[in-house]
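# A closer look at the structure
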Amino acid sequence: KGAPERILSVCTNVAPGLTLGGFSIVVWGDGGGVLGRDCNNNTSSTAVACSVALRGRAVAFALLNVLLLVHAFNCRHERFSAFSASWIANKTLLYSLLGGIVLTVALIYLPVINDHVFRHASIGWEWGIVVGGVVVFHAVSELYKFFKRRAWDARREQLSAA
């Protein structure tokens, strides 16, 4: 496999796992696994039986959206850390990242959109899960790039010695 395929593989395995993990923490960790009944047809996010499932959906939605935005920021370079490049060098990407985060938050809290369109509920403490997931995702991505830099340097040394 080439390098782009490997980083794609790392990110395509970590992001969904974190998203599923965030949903699971809300549903089984906080809600005891009670998913409710007929929650897609229930228009009220205050229904006790469905509130856990709707909050879990909101966490999964927020986490996946923010992870994709962070991934776009990480993809600025295959090997170098996201912190090595200037964050404001690409203003379009920076504005897209900030706009995407604002839009994600708005879609979770706007009453008609979260109840009737996306069928999820507003979240509170669950934002900690989102932040934690982003930190883990970014750490895995940076760790992968670190090992890739070491392998790249070793390969370059082998080629220059030959």
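Attention in this report is confined to the structure presented alongside it. This is a predicted model, so every value here is computed, not measured.

Inspection of every chain in the model, using the stated rule, returns four aromatic pairs. Between Phe 23 and Trp 28 the ring centres are 6.3 Å apart and the planes differ by 75 degrees, which places this aromatic pair in the edge-to-face class. With centroids separated by 5.4 Å and ring planes inclined at 65 degrees, the aromatic side chains of Phe 146 and Phe 147 adopt a geometry described as edge-to-face. Phe 147 sits in the partly exposed class, given a relative accessible area of 49%. One Lys or Arg, Arg 76, reaches over the ring of Phe 73 and ends 4.2 Å from the middle of that ring.

Compared with an ideal rise of 1.5 Å per residue, which puts 35 residues at 51 Å, helix 5 (residues 127–161) spans 51 Å between its outermost C-alpha atoms and is within 8% of the ideal. Ile 129, Val 130, Gly 133, Val 134, Phe 137, His 138, Ser 141, Glu 142, Tyr 144, Lys 145 and Lys 148 are the residues of helix 5 that are buried.

This part is about the nonpolar core. Grouped together as the largest cluster of nonpolar side chains are 19 residues, with contacts concentrated most on Leu 18, Leu 67 and Phe 137. Contributing elements (two or more residues each) for this core: helix 1 (3–30), helix 2 (48–74), helix 3 (91–109) and helix 5. With eight residues, the single largest contributor to this core is helix 2.

This next bit is on the environment of Arg 57. Along the chain, Arg 57 falls in helix 2. Between the alpha carbons of Arg 57 and Phe 23 there is a distance of 6.6 Å; along the sequence they are 34 residues apart. Other than its neighbours up to four places away in sequence, Arg 57 contacts Phe 23, Cys 39, Asn 40, Arg 119 and His 120.

A complete count under the given rule lists two salt bridges for this structure. Its salt-bridge partner being Asp 30, residue Arg 55 comes within 2.9 Å of it at the nearest N-O pair. You can see Arg 55 sitting in helix 2 and its partner Asp 30 sitting in helix 1, a full 25 residues away along the chain. For Asp 30, a relative accessible area of 41% translates into the label partly exposed. Between Arg 55 and Glu 126 there is a salt bridge whose closest N-O contact spans 2.3 Å. Remark: Glu 126 occurs in the loop between helix 4 (111–117) and helix 5 and Arg 55 occurs in helix 2; sequence separation between them is 71 residues. Relative accessible area serves as the criterion here: at 16%, Arg 55 is assigned to the buried category. Classification of Glu 126 by relative accessible area gives buried; the value is 2%.

Turning our attention to a nonpolar patch on the surface. Residues Phe 83, Trp 87 and Ile 88 make up a contiguous nonpolar surface patch of about 340 Å² in total accessible area. Examined against the element boundaries, Phe 83 turns out to sit in the loop between helix 2 and helix 3. Looking at Phe 83, the relative accessible area reads 54%, which means it is exposed.

Evaluation of the coordinates by the stated rule reveals one disulfide. Note that Cys 39 is cross-linked by a disulfide to Cys 50, the S-S spacing being 2.2 Å. Sign of the S-S torsion, about -95 degrees for the bond between Cys 39 and Cys 50, identifies this disulfide as left-handed. Residue Cys 39 is located in the loop between helix 1 and helix 2, and its partner Cys 50 is located in helix 2; the two are separated by 11 residues in the primary sequence. Relative accessible area serves as the criterion here: at 2%, Cys 50 is assigned to the buried category.

Basis of the calculations
- Residues numbered from 1 in each chain as written.
- Predicted model: local features only at pLDDT ≥ 70, side-chain atom pairs only at ≥ 80, totals over all residues.
- Heavy atoms only, no water.
- Phe/Tyr/Trp six-rings, centres within 6.5 Å; stacked < 30°, edge-to-face > 60°.
- Buried < 20%, exposed > 50% of the residue type's maximum accessible area, 1.4 Å probe, protein only.
- Lys NZ or Arg CZ within 6 Å of the ring centre and 35° of its normal.
- Helix = DSSP H or I, 4+ residues; strand = E, 2+ residues; numbered from the N terminus.
- Expected span 1.5 Å × (residues − 1).
- Core = buried A, V, L, I, M, F, W, Y, C linked by side-chain atoms within 4.5 Å.
- Contact = heavy atoms within 4.5 Å.
- Salt bridge = Lys/Arg side-chain N within 4 Å of Asp/Glu carboxyl O.
- Patch = residues over 30% accessible without salt bridge, like charges linked within 9 Å, V, L, I, M, F, W, Y side chains within 5 Å.
- Areas by Shrake-Rupley, 256 points an atom, 1.4 Å probe, with all protein chains shown as cover.
- Disulfide = S-S within 2.5 Å.

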